[in-house]
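Remarks on the overall topology
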Amino acid sequence: MSSLPPDFHFSQSSLQDYVNCPRLFQLRYLLKLAWPAVEAEPIQENEQRMQMGGVFHQLIHQHLLGLPEERLSRIAVDEHLARWWQNYLDFAADLTSLLNLRGSETASDLQLHPEVLLSAPLGNYRLVAKYDLIVVLPGVRAFIFDWKTSRKLPPRQWLDHRLQTRVYPYLLVKAGTYLNAGMSFQPEQVEMIYWYAEQPDEIQRFPYNQGKHQEDGRYLTDLVSEIKALGGIDFTLTSDRKRCHYCTYRSYCDRGVQAGVLDEVETDLDDTDDLDIAIDFEHIAEIEF
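About the thresholds
- Residues numbered from 1 in each chain as written.
- Predicted model: local features only at pLDDT ≥ 70, side-chain atom pairs only at ≥ 80, totals over all residues.
- Heavy atoms only, no water.
- Helix = DSSP H or I, 4+ residues; strand = E, 2+ residues; numbered from the N terminus.
- Buried < 20%, exposed > 50% of the residue type's maximum accessible area, 1.4 Å probe, protein only.
- Polar contact = N/O pair within 3.5 Å; in protein donor to acceptor, adjacent residues only side chain to side chain.
- Core = buried A, V, L, I, M, F, W, Y, C linked by side-chain atoms within 4.5 Å.
- Contact = heavy atoms within 4.5 Å.
- pLDDT = per-residue confidence, 0-100.
- Phe/Tyr/Trp six-rings, centres within 6.5 Å; stacked < 30°, edge-to-face > 60°.
- Lys NZ or Arg CZ within 6 Å of the ring centre and 35° of its normal.

1. Examining unusual backbone geometry
Excluding glycine, residues mostly have negative phi values, and the peptide bonds linking residues are mostly trans. A positive phi angle, near 55°, is found at Glu115, a position not held by glycine. With respect to the helices and strands, the residue Glu115 is situated in strand S3 (residues 111-122). On the basis of relative accessibility, which here comes to 18%, the residue Glu115 falls in the buried class. In this structure, Ala181 is a non-glycine residue whose phi angle is positive, near 55°.

2. Description of the side chain of Arg126
Examined against the element boundaries, Arg126 turns out to sit in strand S4 (residues 125-137). For Arg126, the side chain forms a polar contact with the side chain of Ser119, separated by 3.1 Å.

3. Concerning the nonpolar core
Residues Phe10, Leu15, Phe25, Leu127, Tyr131 and Leu172 are the most contacted members of the largest nonpolar core, which totals 42 residues. Elements with a minimum of two residues in this core: helix H1 (12-20), helix H2 (22-30), S3, S4, strand S5 (141-148), helix H8 (163-175), strand S6 (190-196) and helix H9 (210-229). Among the elements that make up this core, the one with the highest residue count is H8 (eight residues). Sequence-distant contacts of Leu127, that is, excluding residues within four places in its chain, are made with Phe10, Ser11, Leu15, Leu118, Ser119, Ala120, Leu122, Val167, Tyr170, Leu171 and Leu220. By size, the runner-up hydrophobic cluster in this structure holds 25 residues, among which are Leu95, Leu99, Leu110 and Phe145.

4. A look at the confidence of the model for the protein
When the pLDDT values of the protein are averaged, the result is 84; 83% of them are 70 or greater. Across the protein, the element-wise mean pLDDT spans from 44 in strand S2 (residues 40-41) up to 98 in H8. Every residue in residues 37-43 is under pLDDT 50, and counting partners more than four places away or in other chains gives 26 contacts. Note that residues 269-289 has pLDDT below 50 and, in this model, 53 contacts with residues that lie over four places away or in other chains.

5. Quick word on the environment of Lys242
When you line up the elements, Lys242 lands in the loop between H9 and strand S8 (260-261). For the pair formed by Lys242 and Arg255, sequence separation is 13 residues and the distance between their alpha carbons is 9.8 Å.

6. Examining the packing of aromatic side chains
The final tally for this structure, using the stated rule, is 20 aromatic pairs. Aromatic ring contacts, followed pair by pair, group Phe56, Trp84, Trp85, Tyr88, Phe91, Phe145, Trp147 and Trp195 into a single cluster. Between Arg156 and the ring centre of Phe206, over which it is positioned, the NZ or CZ distance is 4.0 Å. Over the ring of Tyr219 we find Arg166, and its NZ or CZ is 4.2 Å from the ring centre.

See the structure below:
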């Protein structure tokens, strides 16, 4: 069995997979086992929504880079995509109100950084993250935006315990100096915001602080140490068999062959951080070891 390689890069997705099921982490990231089982039924609807989610993220990225809204709108012809896109345009038009600019702050002061990659040391390894959007008021505040296209709005407590809610603010504080005129963000200056395309008015905001930052640092470091200590032995299967219904490795682990029903899924099936694709780590902003 493969052990953790010395050049392994952790992301919120890989850490979340380990917390959900250590065996899933081993199969996916250490053994790199391709096991193309169906994630959820009906197959066509699930795959279509995932594809449209990817297109939606690309549309927002290009819009934030300055491409004309009218040109991009011609791409959003799918029913779901067209609704998400219009919801986003309405949201983007009122972005300054959401950020609650203070005193002399104006929209022209905002610096928008879409699709940002950050990296920092985590123990003897590296922690990496790709952000949908970071909005910065230099020297004052930073807002992390993450776009979601899932069918259901998850409970706030579920979001609060997600690794993404911990990793993204933590890493911005550790490695975001180049976004803030060479100054480190203070944890109290950072806020994580989830925006759901299907529920555009149900914005989920998570302020950050020094206590959370210190706690997250300890938790993430301990988690990596725990993974490293397992070495090459078999990682245990999750005790929550409901997770197996939506896992592509379920038949490999003798946890059934039938995919879960899409309408019954309780959490995001679209919750990826885009780090499953190849990344040129030489171009990720980082702090030195």
